[in-house]
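Report on the structure
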There are 2 protein chains.
Amino acid sequence: MLQFTVHHTSGQARRGTLTLNHGVIDTPQFMPVGTYGTVKGITPEGLKAAGAQIILGNTFHLWLRPGLDVVRQFGGLHRFIGWDAPILTDSGGFQVWSLGAMRKISEEGVKFASPVNGDKLFLTPEVSMQIQTVLNSDIVMQFDECTPYDVTRGGQKHITTESEARASMELSLRWAARCKAEFARLENPNALFGIVQGGMFEHLRDASLDGLAALDLPGYAIGGLSVGEPKDDMLRLLRHTAPRLPANKPRYLMGVGTPEDLVAGVAAGIDLFDCVMPTRNARNGHLFTRYGDLRIRNARFKLDERPLDETCTCPTCRQFSRAYLHHLDRCGEMLFGMLATTHNLHYYLQLMRDMRAALDAGTFDAFVTQFRADRARGV
Amino acid sequence: MLQFTVHHTSGQARRGTLTLNHGVIDTPQFMPVGTYGTVKGITPEGLKAAGAQIILGNTFHLWLRPGLDVVRQFGGLHRFIGWDAPILTDSGGFQVWSLGAMRKISEEGVKFASPVNGDKLFLTPEVSMQIQTVLNSDIVMQFDECTPYDVTRGGQKHITTESEARASMELSLRWAARCKAEFARLENPNALFGIVQGGMFEHLRDASLDGLAALDLPGYAIGGLSVGEPKDDMLRLLRHTAPRLPANKPRYLMGVGTPEDLVAGVAAGIDLFDCVMPTRNARNGHLFTRYGDLRIRNARFKLDERPLDETCTCPTCRQFSRAYLHHLDRCGEMLFGMLATTHNLHYYLQLMRDMRAALDAGTFDAFVTQFRADRARGV
């Protein structure tokens, strides 16, 4: 089930509530990525404390490990991983696409060898729906082909052409229809989202959206952005596509992005985001703060007694100095990844809370101006 | 400062209270090891929740990283690492000894090259006291030479002889006197412990103890056990030495050991323990439970919905199944190390709580019998 209500708008930006089988989400909202049924470096308790209301799981990875026999025994992903709030799962399409030369795409689906044990596997729209039904995720994503921005052939960069992007988008549309049929056949009680593709071409995005709208799905995502294209292209396609998605349904921008991207996304009318950036960057010592980003490995932090962000209320900033984090990172200590992950997720989720509060208060434009000024200030 | 009170005894076992500059410790007590100013895989908050009252830091490691300039700026280790309860630091002796061929021992001290940057360093009893004074640890350990059980020379195992063990023990005694003098000169307000050496020879242990007792230090440790000797030798020397340590002062068994070793240590009259076993083994998938040890990587746990230990009240056992932990371990996920560390430390600290409760109730012998029967049962 899915219920979606938009409470306020400010320009294209929307403030809403999304009700799913495992709970209610305030939108706009950010989803931490938990590839293997764990958001790396943080407990479910820590996620809740940081304000996470929904997390993302990767169908491809969970299919391979722990495998469906295990998840089925636990009655779905929620109980297996100890997370009782909503979960969105992707379709596996992006991951098999990322296998590059190791996979073979046909009308029927994608053949590939398991990177875990070499088993020959065949992922199709139907199989993706079957897996996600076992996972029992609250939001199920259609199986799609992520149209690349460019590919390398014989050492040469080749930027995807209009006809290539069209063919790919049309394949994803046909797969969307197959997903919808299989999802219904499986009597999956959750919500299936369609994914708008079309590469860097506005008219293809429109065609994709028209095709998906005809399927009358409960939510829509924008895929194929942040896949290597220049930032201007990303913003151009985002601003073209987001406002054209059905106004009464949740809109999800897949795999994006920086704090600036989230603000641009909300301003363009997006309700849901996911990205590995806060968690992956945390482990690499890249920390987000109100006043810009900070590379903790830098020697200038060696004796710095201040918290990462003096305005931050997260457990890391309340208890630990930059100097201590610098030390932990230099020593390769696990605690560094844990504290950095907690901080970065708290930053992302606090940014979403701040945007929601500004939308509630009718001060979103002023918030955006202040956000940009703060971030430009520097730490 | 140090105050130590023994409340009850049961045979050689003692139930006491140890007051140090940063707080009060119930004894017998186990100290988690925080080599670089962090117990790997757990926050200070998590340590407190598991029941830790005191942690151990490694002088050698902290001297190299973050270095004394950083710790001095924070006024000591406690504030730098965010741990407000007592800390014991070792002397660096064991670590430089572990460098093997890379170090050169003389009467004056130990010369070695920094494993971090190759700098030539010289660790002496005086330098060790100076470093530990900057660290401001509540318990300062004397600089000693850890007498090896055996050494490999030209591919041959050579077991330390009586005369070698005697020379090494006598060097440690002379170093103890230099430590005491330097500790006084520095006006260090904490407590200096001596370390009984003497290898596998009872009469050398007695001679070491006599020499140290003459220095009238506030506490004594047994060093040089669990260094490769057969378990029977370890227990023989433990049972010989522990009851001979001054009865009115805390007794610390260094670097030991398994749950069975802790129970044997308490029964022999030991008050303090430290060991990397609960934390290191956790990260390697070796988990301790009431009913024996468990290797989570074993395929038989793949579908096991039970917690690690049905009688355990730790956050890991309250929330997660063996199957989930098995999955996290197989995927190399950080959360595995976090949850396993929390459980193993909780197990060790609960074992100490249980022993203290049995000593308080006058039921220590019955506790030991039940402990052995439970552990032999198997998971």
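Cut-offs applied
Residues numbered from 1 in each chain as written. Chains lettered and ligands numbered in written order. Predicted model: local features only at pLDDT ≥ 70, side-chain atom pairs only at ≥ 80, totals over all residues. Heavy atoms only, no water. Helix = DSSP H or I, 4+ residues; strand = E, 2+ residues; numbered from the N terminus. Buried < 20%, exposed > 50% of the residue type's maximum accessible area, 1.4 Å probe, protein only. Axes fitted to C-alpha atoms, helices over the stretch in contact; angles between N-to-C directions. Parallel < 35°, antiparallel > 145°, perpendicular 65-115°, else oblique. Left-handed = near helix turned anticlockwise from the far one by under 90°. Contact = heavy atoms within 4.5 Å. Nonpolar A, V, L, I, M, F, W, Y, C, P; charged D, E, K, R; others polar. Buried area = accessible area lost by both parts, 1.4 Å probe. Salt bridge = Lys/Arg side-chain N within 4 Å of Asp/Glu carboxyl O. Polar contact = N/O pair within 3.5 Å; in protein donor to acceptor, adjacent residues only side chain to side chain. Least-squares fit on C-alpha atoms with pLDDT ≥ 70 in both. Pairing = 2+ DSSP bridges.

The subject of this paragraph is unusual backbone geometry. With an omega of 10°, the peptide bond between A:Arg65 and A:Pro66 qualifies as cis. Tracing the backbone through its elements, the reader meets A:Pro66 in the loop between helix H2 (59-64) and helix H3 (68-73). Following B:Val256, the chain continues to B:Gly257 via a peptide bond in cis, the omega torsion being 5°. Along the chain, B:Gly257 falls in the loop between strand E15 (251-253) and helix H10 (259-267). For B:Asn136, which is not glycine, the phi torsion reads 60° and is therefore positive. Take B:Asn136: it is sitting in the loop between helix H6 (125-135) and strand E10 (139-141). Overall, the relative accessible area of 22% leaves B:Asn136 in the partly exposed class. A positive phi angle is found at B:Ser226, which is not glycine, with a value near 55°.

All names here are of chain A. At a minimum axis distance of 11 Å, the contact between helix H10 (residues 259-268) and helix H15 (residues 364-377) shows a crossing angle of 165°. By the angle between their axes, H10 is roughly antiparallel relative to H15. Here the hand of the crossing between H10 and H15 comes out left-handed. Contacts between H10 and H15 involve Pro259, Glu260, Val263, Val266 and Ala267 from the former and Phe364, Val368, Phe371 and Arg375 from the latter. For the contact of H10 with H15, a count of residues per class yields seven nonpolar, no polar and two charged.

The interface is formed by 39 residues belonging to chain B together with 39 residues belonging to chain A. Here chain B packs against chain A, burying approximately 3,400 Å² in sum over the two surfaces, 61% of which is carbon and sulfur. At the boundary of chain B and chain A, one finds six salt bridges. Across the pair A:Lys302 and B:Asp69 runs a salt bridge, and its minimum N-O distance is 3.0 Å. The tally of links between chain B and chain A comes to 16 residue pairs in polar contact (both at pLDDT 80 or more). Contributing elements (two or more residues each) for the side of chain B that touches chain A: helix H1 (44-50), helix H3 (68-73), helix H4 (77-81), helix H13 (322-330) and helix H14 (334-361) of chain B. Looking at side-chain class alone, the side of chain B that touches chain A contains 18 nonpolar, ten polar and eleven charged residues.

Superposition of the two copies of the chain requires a rotation about an axis and a shift along the axis. When chain B is brought onto chain A, the operation consists of a screw motion whose angular component is 180° and whose axial shift is 0.0 Å, with 0.0 Å RMSD remaining. Given the turn and translation reported, the copies of this chain are related as if by a two-fold rotation axis. Among all C-alpha atoms of chain B, that of B:Met334 lies closest to the rotation axis, at 3.9 Å. Both copies contact each other with a shared surface, as 100% of the interface residues of chain B are interface residues in chain A too.

To continue, consider the pairing of strand E12 (residues 156-159) of chain B. Residues and elements named next belong to chain B. Pairing between strand E11 (residues 150-153) and E12: four bridges, direction antiparallel. The partner of Asp150 across the bridge, within E12, is Ile159. With antiparallel pairing between neighbouring strands as the criterion, E11 and E12 make up a hairpin whose turn holds two residues, including Gly154 at a positive phi of roughly 55°.

All right, on to the sheet that holds strand E2 (residues 13-20) of chain A then. All names here are of chain A. Judged by pairing direction, the sheet is antiparallel, and its three strands sit side by side in the order E1-E2-E3 without closing on themselves. Unpaired on one side and paired on the other, strand E1 (2-10) and strand E3 (23-27) mark the two borders of the sheet. Averaged over all neighbouring strand pairs, the angle between strand axes comes to 10°, with direction disregarded. The strands touched by helix H14 (residues 334-361) within the sheet are E1, E2 and E3, with E2 carrying the most contacts at an inclination of about 115°.

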